[in-house]
Amino acid sequence: MEDFIDKLPQMDLMRSEKMTLVQLIIPVESSHRCITYLGELGLLQFRDLNADKSPFQRTFANQVKRCGEMSRKLRFFKDQIDKAGLRCSPRHELEPDFELGHLERQLADHEHEVLEMNSNSEKLRQTYNELLEFKIVLQNASGFLVSSNAHAIGDETELHESTYSNNGFIESSSLLEQEMRPEPLNQSGLRFISGIINKDKLLRFERMLFRATRGNMLFNQTPSDEEIMDPLTSEMVEKIVFVVFFSGEQARTKILKICEAFGANCYPVPEDTTKQRQLTREVLSRLSDLEATLDAGTRHRNNALSSVGYSLTKWITMVRREKAVYDTLNMLNFDVTKKCLVGEGWCPTFAKTQIHEVLQRATFDSNSQVGVIFHVMQAVESPPTYFRTNKLTNAFQEIIDAYGVARYQEANPAVYSVVTYPFLFAVMFGDWGHGLCLLLGALYLLARERKLSTQKLGSFMEMLFGGRYVIFLMALFSIYCGLIYNEFFSVPFHIFGSSAYKCRDTTCSDAYTVGLIKYRDPYPFGVDPSWRGSRTELPYLNSLKMKMSILLGISQMNLGLILSFFNARFFGSSLDIKYQFIPQMIFLNSLFGYLSLLIIIKWCTGSQADLYHVMIYMFLSPTEELGENELFWGQRPLQIVLLLMAFIAVPWMLFPKPFALRKIHMERFQGRTYGVLVTSEVDLDVEEPDSARAHGHQEEDFNFSEIFVHQLIHSIEFVLGSVSNTASYLRLWALSLAHSELSTVFYEKVLLLAWGYENILIRLIGVAVFAFATAFILLMMETLSAFLHALRLHWVEFMGKFFHGDGYKFKPFSFALISDDDE
Amino acid sequence: MYGFEALTFNIHGGYLEAIVRGHRAGLLTTADYNNLCQCENLDDIKMHLSATKYGSYLQNEPSPLHTTTIVEKCTLKLVDDYKHMLCQATEPMSSFLEYIRYGHMIDNVVLIVTGTLHERDVQELIEKCHPLGMFDSIATLAVAQNMRELYRLVLVDTPLAPYFSECLTSEDLDDMNIEIMRNTLYKAYLEDFYKFCQKLGGATSEIMSDLLAFEADRRAVNITINSIGTELTREDRKKLYSNFGLLYPYGHEELAICEDIDQVRGVMEKYPPYQAIFSKMSYGESQMLDKAFYEEEVRRLCLAFEQQFHYAVFFAYMRLREQEIRNLMWISECVAQNQKSRIHDSVVYMF
């Protein structure tokens, strides 16, 4: 037996990779190159040896800061390029990998250039905006002035133009100077201020003006035809031209202050039409000049930006890599002489040679006289868990990791999940029509795998894509189970020959009262199509699926227990085998294993025995005669023996293990009850300064009551669990029943009903409703629910039997894993 | 409703309370402050803060940093958090959250009015305003010449309008008047807030009464100390004290007649909660008083998190964040001016 187990072929994914704690002593001059090469290899997980230091106290804090600064500049460029609406694809030219300092200088130059151009164009833009606003005001305000002119003359007052130019308007002031002729201020005269304001501020502006002048003003407004670009956000805003008529000097200062407060730009408009025309002409000519300048500026800037844009992606990845390298270097320690960096980390044992080669190459490339010292260390803590998965197994490994990362070298349930997971799903989702739909979806994802994997997907799509192989396998298995259940959108087909049943006579009149007769061998594969629609369909299928669920459940739980045996064997703990695995096996199989046996015997013999009765009276009155429920000879004594074994198994799994542990503990420390712990710790400190400092030893404090309570809980959980878990597997039956009933309802009550009408419209509606119900309820909701139930059966019922899941994942330092989302 | 608010609180307040408690976990801890105190320059501070909630707000700042930039960005983060909460809030929590910013509004009004009085540029003044206390027509404040105009033109639209009923005079604005206006407004605000919290009932009123009473008492002490040696009469002084709090009414009588700091101390030492604060200081000293009050305030604010199903956590959280920003400002200033020995003088640790 032992030999047989030892000779079993090694399963790759069964145990996580063997890990080794290694120490690197790297000379300072080659350290950067070493880490870079290691990052390219991506098989070494560094341990942070400076965890107690804050980020800016670390050795390479400066370089990290420089990288941060550079990535800020790169973000700035990216932002600017996006703003300018340029789309430049990265040009793959073979630029030599230049060093960081060079890039830094280059980036600083570019940034300076872009900033200068920005500020220039911003100034121009501002002037342009002002001129544009002025033009709009001139065009719109004149209308008011003409109409109010007549009105004003009637009031025997003359309009006086306001002579105000706002302070941002320096360049055009020369243009305005001619209007600034001193004019006798007529205190009683009606004066006006014209200007332009953002549309959303208009109401409040008007209210404020009204309040400030106590209603002694006239407010005219008209929307401008063009939208003006806001220089800050570069969004187009709608503006309103206004003209306020008022009287009095005090009101004027007040209104000007309010205009300023609301950011309304005021422009003087001469009331004389000839002057207006002249002014408009001048403004227009200046506008066209400015436009040309602005365009040229923008073109120049876009050129500069696109030249940056060509290598932007490359620079971004480069800076990100550099930052990762320095972050890793910060995890290393200086040795005493300050000439070497000391690093510790985990690597898979198989990768040791690769790492060695890489380090040698780095030493050679950096012309260092001293090589990197690379040696294996003794580890105190438990190593990280690392599975080498591929595209297919990765998704299943993720499902397992969602529950808990396996303890180092623990049996990995993902190996079995690859088959059991889709299978249990399919038991609940057995319909080969729906299975085909799923298969088509999965095949679509698989066919476009190459394309989809490169682009960013939405969260839902990403989830689907990540689980494409899971869906693919689930689809295949549900086709298989659907064939067994003989359901295609709930319709049975005669794929494997004709039915084993036929009517008693040719008229088939009593088919629904007396029943059919069997005239040949059972249907070769799956359920006989004749069951469909018969009165006994449900009792038959329920009994079949229920029993099948229990058989599947018991076998999966047994597999879990057997895995716990392999775990115990692997970790060399015979206690677990003797006092946990064996009694658990006995308990589970003497009760529910026996039930499975009864089910199989009943199926084979076609007996009429009532299994409920057998199981219940096995406990209530084990000595009583079984009567007509006897399935085989010697059943009664066997039941008594099994019952006794089950009763013995409970204390067996409860008591011996804690006592045995205590005995071992007592023996280990016998005769040296004091002083042991202290010295051992000191010894270890001397031997292994680096690792011991980082991870203090947790001394094994033996607490008997705690262990006993733990064992008590564990045993109770197992005993109660074996009942409830078996019952839990009945969900396989329940969900499969729900699925087939739902699809029957949709098929019969929607599709067939609608087809019964001659009206084409009703038929179309019927088809549409059926299609929607199939797609959303059966294909999406039912898939999800079956998925979740399969998940639960794995996590709780299967993995609960053996899986500890308290490990931690192996996270190597690798450039490939530096993702975009750390931005 | 008292005693049963826990049943229904989560219908409207549960999500936000969860948010604010999550935010609370992001407050800088003593360990963070210790690290920050070891920084050599402002870039180090930025680097340390990049690991905190402020990271994304500071990461796009070009390298020669200034203290103002750090404070500005941190405040921006606070305002964003506040606005997020305000958007999610329903009545009466939204009113409660609005109340939190009225204090800043009063400060901003006073800032702008004082600034205009000294003929400063309005834009410059607006940049100095606390963003939490911004309201639409704040820039128009510069137009007003006296209190009446101030009220009639601008403030009638703001929530501060009801608080103005006590200080409507036609007097021209001067420094003294403005200061009195600030305190009158603050008094009215605190009393209104206090009443509002009483109306809310339950744990909110219980905790907020305590916090607001402390605030009122602190203001009373500050008013007294600041008015010693000015022409403010005793009656006027007494009018500025809020009509609630531990000192009301007998403490106010005594504070109103104080002539020097030691007398204030004598009054305050009669009240056990304040005894501890004053006993830390030597006689004649008022420098450390601010810090002592801040520390006491932070202690009380932290206690507000001990109970569940009430609104005071929002108030407490906002106050703590403001204190955190004050701490950051102090640390950055000390680092920037190479005064690292004084760094611990003004930092108030929380949690």
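- Chain B appears in an unreviewed UniProt entry as V-type proton ATPase subunit from Microthlaspi erraticum.
- Here chain B is described in UniProt, under the heading Subcellular location (unreviewed entry), as follows: "Vacuole membrane".

- The name an unreviewed UniProt entry assigns to chain A is V-type proton ATPase subunit a, from the organism Microthlaspi erraticum.
- You can read under Sequence similarities (unreviewed entry) in the UniProt record for chain A the words "Belongs to the V-ATPase 116 kDa subunit family."
- For chain A, the Function (unreviewed entry) comment in UniProt is given as "Essential component of the vacuolar proton pump (V-ATPase), a multimeric enzyme that catalyzes the translocation of protons across the membranes. Required for assembly and activity of the V-ATPase."

**Here we look at the state of the cysteines**
Consideration 1: Applying the stated criterion across every chain yields a total of zero disulfides over all chains.
Consideration 2: The thiol sulfur of A:Cys347 is not disulfide-bonded, and the nearest other cysteine sulfur, from A:Cys34, lies at 14 Å.
Consideration 3: Classification of A:Cys347 as buried rests on a relative accessible area of 0%.
Consideration 4: We note that B:Cys39 lacks a disulfide partner, and the nearest cysteine sulfur, in B:Cys37, lies 8.2 Å from it.

**Some details on the nonpolar core**
Across soluble globular proteins, nonpolar side chains show a tendency to be buried alongside one another.
Consideration 1: Core analysis: the biggest nonpolar cluster contains 176 residues, and A:Phe205, B:Phe96, B:Phe193 and B:Phe314 have the highest contact counts within it.
Consideration 2: The greatest single-element share of this core, amounting to 13 residues, is contributed by helix H17 (residues 312-336) of chain B.
Consideration 3: Both domains that meet at this core, namely domain 1 (15-109 + 300-376) and domain 2 (125-147 + 188-292) of chain A, each give it at least three residues.
Consideration 4: With residues near it in sequence (within four places) discarded, B:Phe96 still touches B:Phe193, B:Phe196, B:Cys197, B:Leu200, B:Thr204, B:Met208, B:Tyr311, B:Ala312, B:Phe314 and B:Phe315.
Consideration 5: Counting 78 residues, the second-largest nonpolar core is a separate cluster that includes A:Ala426, A:Phe429, A:Met557 and A:Tyr729.

**Observations concerning the interface of chain B and chain A**
Consideration 1: Facing the 29 residues of chain B at the interface are 22 residues of chain A.
Consideration 2: Both sides of the chain B and chain A interface together cover about 2,200 Å² of buried area, and 54% of this is carbon and sulfur.
Consideration 3: Inspection of the chain B/chain A interface yields one salt bridge.
Consideration 4: For A:Lys65, the salt bridge goes to B:Asp44, with nearest N and O atoms at 2.5 Å.
Consideration 5: In this assembly, chain B and chain A are joined by four residue pairs in polar contact (both at pLDDT 80 or more).
Consideration 6: If you list the elements that add at least two residues to the side of chain B that touches chain A, you get helix H4 (42-49) and helix H9 (147-154) of chain B.
Consideration 7: Here the residues of the side of chain B that touches chain A are counted per class, giving nine nonpolar, eleven polar and nine charged.

**As for the domain arrangement of chain A**
Consideration 1: In terms of domain boundaries, chain A breaks down into domain 1 (15-109 + 300-376), domain 2 (125-147 + 188-292) and domain 3 (391-674 + 704-801).
Consideration 2: With centres defined by C-alpha atoms, the gap from domain 2 of chain A to domain 3 of chain A works out at 78 Å.

**Some details on the pattern of salt bridges**
All names here are of chain B.
Consideration 1: According to the stated counting rule, one finds 46 salt bridges over all chains in the structure shown.
Consideration 2: The shortest N-O distance in the salt bridge between Lys340 and Glu40 comes to 3.9 Å. Placement of Lys340 in the segment after H17 and of Glu40 in the loop between helix H3 (30-37) and H4 is noted, with a sequence separation of 300 residues between them.
Consideration 3: The exposure class of Glu40 is exposed, given its relative accessible area of 56%.
Consideration 4: Between Glu179 and Arg182 there is a salt bridge, with the nearest N and O atoms lying 3.0 Å from each other. In this pair, Glu179 and Arg182 both sit in helix H10 (residues 175-200), three residues apart, roughly one turn of the helix.
Consideration 5: On the basis of relative accessible area, Glu179 is assigned to the partly exposed category, the value being 37%.
Consideration 6: Residues joined in a network through salt bridges with shared partners are Asp210, Glu296, Arg299 and Arg300.

**Focus: the UniProt feature "transmembrane region" (unreviewed entry) in chain A**
Residue and element names in this part refer to chain A.
Consideration 1: Within this structure's numbering, the places UniProt gives as "transmembrane region" (unreviewed entry) are residues 423-446, 467-485, 548-566, 586-603, 638-655 and 760-781.
Consideration 2: For residues 423-446, the helix share is 88%, the strand share is 0%, and the end-to-end C-alpha distance is 20 Å.
Consideration 3: The distance separating the terminal C-alpha atoms of residues 760-781 is 30 Å; by composition the span is 100% helix and 0% strand.

**Observations concerning the UniProt feature "coiled-coil region" (unreviewed entry) in chain A**
Consideration 1: Sites flagged by UniProt as "coiled-coil region" (unreviewed entry) map to residues 100-127 of chain A.
Consideration 2: Along residues 100-127 of chain A the backbone is 100% helical and 0% strand, and the end-to-end C-alpha distance reaches 40 Å.

**Notes on a negative patch on the surface**
Consideration 1: A cluster of acidic residues, A:Glu260, B:Glu72, B:Asp121 and B:Glu127, forms a negative patch at the surface.
Consideration 2: Residue position: A:Glu260 is located in helix H7 (residues 249-261).
Consideration 3: A relative accessible area of 43% means that A:Glu260 is categorised as partly exposed.

**Brief notes about the sheet that holds strand S3 (residues 190-198) of chain A**
Residues and elements named next belong to chain A.
Consideration 1: Pairing within the open sheet is antiparallel, and its four strands lie in the order S4-S7-S3-S8. Of all strands in the sheet, those with a lone pairing partner are strand S4 (217-223) and strand S8 (265-266), marking the two edges.
Consideration 2: Examined bridge by bridge, S3 and strand S7 (residues 239-247) share nine bridges and lie antiparallel to one another. Paired with Gly195 across the strands is Phe242, a residue of S7.
Consideration 3: Along the sheet, H7 makes contact with S3, S7 and S8, crossing S7 at roughly 160°.

**So, the packing of helix H13 (residues 432-447) of chain A against helix H16 (residues 468-485) of chain A**
Residues and elements named next belong to chain A.
Consideration 1: One can describe the packing of H13 onto H16 by two numbers: an axis separation of 8 Å at closest approach and a directional angle of 155°. In terms of orientation, H13 lies roughly antiparallel with respect to H16. Of the two possible hands of crossing, H13 and H16 adopt the one that is left-handed. Where H13 abuts H16, its residues Trp432, Gly435, Leu436, Leu438, Leu439, Ala442, Leu443, Leu445 and Leu446 lie against Arg468, Tyr469, Ile471, Phe472, Ala475, Leu476, Ser478, Ile479, Gly482 and Leu483.
Consideration 2: Within the contact of H13 with H16, the residues separate by chemical class into 15 nonpolar, three polar and one charged.

**Here's the deal with the packing of helix H11 (residues 391-403) of chain A against helix H26 (residues 760-798) of chain A**
All names here are of chain A.
Consideration 1: Interaxial distance between H11 and H26 falls to 11 Å at its minimum, and their mutual angle equals 65°. Here H11 runs over H26; the crossing is right-handed. Note on element contacts: H26 touches H11 through Phe787, Leu791 and Trp795, opposite Ile399, Ala402 and Tyr403.
Consideration 2: Counted by class, the contact of H11 with H26 contains six nonpolar, no polar and no charged residues.

**Description of the packing of aromatic side chains**
Residue and element names in this part refer to chain A.
Consideration 1: Scanning the entire structure with this criterion turns up 56 aromatic pairs over all chains.
Consideration 2: Measuring from centroid to centroid gives 5.5 Å for Phe205 and Phe262, while their planes differ by 70°, and the two rings are edge-to-face. Separated by 57 residues along the polypeptide, Phe205 in helix H6 (residues 202-212) and Phe262 in the loop between H7 and S8 bring together distant segments of the chain. Taken individually, Phe205 and Phe262 each receive the classification buried, so the pair is uniform in this respect.
Consideration 3: Plain terms: the ring middles of Trp432 and Phe493 are 6.0 Å apart, the flat faces sit at 65° to each other, and that makes the pair edge-to-face. Of the two residues, Trp432 is situated in helix H13 and Phe493 in the loop between H16 and strand S12 (501-502); the sequence distance between them amounts to 61 residues.
Consideration 4: Its relative accessible area of 16% is what places Trp432 among the buried residues.
Consideration 5: Seen from the ring of Phe350, Arg388 lies directly overhead, with NZ or CZ sitting 3.7 Å from the centre.
Consideration 6: Against the face of Phe704 rests Arg662, its NZ or CZ located 4.6 Å from the ring centre.

What counts and what doesn't
- Residues numbered from 1 in each chain as written.
- Chains lettered and ligands numbered in written order.
- Predicted model: local features only at pLDDT ≥ 70, side-chain atom pairs only at ≥ 80, totals over all residues.
- Heavy atoms only, no water.
- UniProt positions renumbered as here; feature names shortened; annotations may be inferred.
- Disulfide = S-S within 2.5 Å.
- Buried < 20%, exposed > 50% of the residue type's maximum accessible area, 1.4 Å probe, protein only.
- Core = buried A, V, L, I, M, F, W, Y, C linked by side-chain atoms within 4.5 Å.
- Helix = DSSP H or I, 4+ residues; strand = E, 2+ residues; numbered from the N terminus.
- Domains from an automatic or database assignment.
- Contact = heavy atoms within 4.5 Å.
- Buried area = accessible area lost by both parts, 1.4 Å probe.
- Salt bridge = Lys/Arg side-chain N within 4 Å of Asp/Glu carboxyl O.
- Polar contact = N/O pair within 3.5 Å; in protein donor to acceptor, adjacent residues only side chain to side chain.
- Nonpolar A, V, L, I, M, F, W, Y, C, P; charged D, E, K, R; others polar.
- Patch = residues over 30% accessible without salt bridge, like charges linked within 9 Å, V, L, I, M, F, W, Y side chains within 5 Å.
- Areas by Shrake-Rupley, 256 points an atom, 1.4 Å probe, with all protein chains shown as cover.
- Lys, Arg positive; Asp, Glu negative; His and termini not counted.
- Charge placed at Lys NZ, Arg CZ, Asp CG, Glu CD.
- Pairing = 2+ DSSP bridges.
- Axes fitted to C-alpha atoms, helices over the stretch in contact; angles between N-to-C directions.
- Parallel < 35°, antiparallel > 145°, perpendicular 65-115°, else oblique.
- Left-handed = near helix turned anticlockwise from the far one by under 90°.
- Phe/Tyr/Trp six-rings, centres within 6.5 Å; stacked < 30°, edge-to-face > 60°.
- Lys NZ or Arg CZ within 6 Å of the ring centre and 35° of its normal.

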